[in-house]
Amino acid sequence: MKHFLFIFSLLISSLNIIAVDYDKEFAKMGFVNVQTLDSTIQVDLKYSSTDNFMGINMYGDLHKAYLRPEIAKMVVMAQKYLKEINPEYSLVIYDAARPLSAQRMMYEKVQGTKFSKYVAKPAKGGGYHNYGCAIDVTIIYNGKPLDMGAGFDEFSTLSHINNELTNLKKGRLSQEAYNNRQLLRKVMTRAGFDTYRCEWWHFQYYSKKYMRSHFNSIDF
């Protein structure tokens, strides 16, 4: 019975998310659809599908990558730097601004699992995604993602960026994957982003203290 009620609550939450007019709500907060600044940037929001670690569509019909204006401009700069290296490369965005309604779903789902430590608590305002100050991204070449040695949402030590040389020496990470990660970080950090040691795909801006004291979380 408890299992049924849990699944039912997730379904109700999903319906609530789907009913949101994302364009209207993000516009109210002054957020920007990244592709309006640079249409060459690809968007494939993984949480708008079941192709994520939860296997649940948490975003409903949201398929645009929204960010705070200054963060969106940084992504455009990163794309520019990447294209200068190889015009056939492109950034593809897997996640951007995330409403707290989706964060609550995610947090509830991972309780008691190995993923719990990777999900920010919504009661405290959530994490960088919930303020439009973070982006999950990779590089594609001719429409195909480059090998990064670990998939998006692969929450394991192989996704960490602080032990890549060790994994390379042990053969757990190929030279190609190592080089691709270096390339991704090169263009993203050159544009001003900070890294996150546990996820090769995650980049953010501002300190957590500054972010929470100056901006509102995306609470819809």
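You'll find the structure just up there.
What comes next concerns the included structure. (Residues numbered from 1 in each chain as written. Predicted model: local features only at pLDDT ≥ 70, side-chain atom pairs only at ≥ 80, totals over all residues. Heavy atoms only, no water.)

1. Examining the side chain of Glu 199
Quick reminder of the rule: A helix here means a DSSP run of H or I that spans at least four residues, while a strand means a run of E at least two residues long, and both kinds are numbered starting from the N terminus. Between buried and exposed lies partly exposed: a residue is buried under 20% and exposed over 50% of the maximum accessible area for its type, with that area taken using a 1.4 Å probe on protein chains only. Positive residues here are Lys and Arg, negative ones are Asp and Glu, while His and the chain termini are left out of the count. The rule for a salt bridge is simple: a side-chain nitrogen of Lys or Arg has to be within 4 Å of a carboxyl oxygen of Asp or Glu. The contact definition used throughout considers only heavy atoms, calling two residues in contact when any of these lie within 4.5 Å.
Relative to the elements of secondary structure, Glu 199 occurs in strand β8 (residues 199-204). No salt bridge is formed by the buried Glu 199; the nearest opposite charge belongs to Arg 98, separated by 7.3 Å. Among residues more than four places away in sequence, those in contact with Glu 199 are Tyr 118, Phe 155, Ser 159 and Ile 161.

2. A few points about helix α4 (residues 100-110)
Where α4 is concerned, the buried positions are Leu 100, Ala 102, Gln 103, Met 105, Met 106 and Val 110. Of the residues flanking the end of α4, it is Gly 112, one or two places downstream, whose phi is positive at about 85°.

3. Concerning the packing of aromatic side chains
Rules: Ring pairs shown here join Phe, Tyr and Trp side chains whose ring centres sit within 6.5 Å, with only the six-membered ring taken for Trp; geometry is labelled stacked below 30 degrees between planes, edge-to-face above 60, and tilted in between. Think of it as a cone above the ring: NZ of Lys or CZ of Arg counts as a charge over the ring if it is within 6 Å of the ring centre and within 35 degrees of the ring normal.
Counted by the stated rule, this structure contains 20 aromatic pairs. Considering the side-chain rings of Tyr 89 and Tyr 141, the 5.7 Å spacing of their centres and the 65° angle between planes classify their relative orientation as edge-to-face. Taken as a pair, Tyr 89 in strand β4 (residues 89-95) and Tyr 141 in strand β5 (residues 134-141) lie far apart in primary sequence, 52 residues in all. Taking 5.1 Å as the distance between ring centres and 50° as the angle between the ring planes, the aromatic pair formed by Tyr 94 and Phe 152 counts as tilted. In this pair, Tyr 94 is assigned in strand β4 and Phe 152 in the loop between β6 (144-145) and α5 (164-169), connecting sequence segments 58 residues apart. Judged on exposure class, the residue Tyr 94 and its partner Phe 152 are both buried. One aromatic cluster is present, built from ring pairs that chain together Tyr 47, Phe 53, Tyr 59, Tyr 94, Phe 115, Tyr 118, Phe 152, Phe 155, Trp 200 and Trp 201. The ring of Phe 215 has Arg 68 lying over it, and the distance from NZ or CZ to the ring centre is 3.6 Å. Between Arg 190 and the ring centre of Tyr 81, over which it is positioned, the NZ or CZ distance is 3.8 Å.

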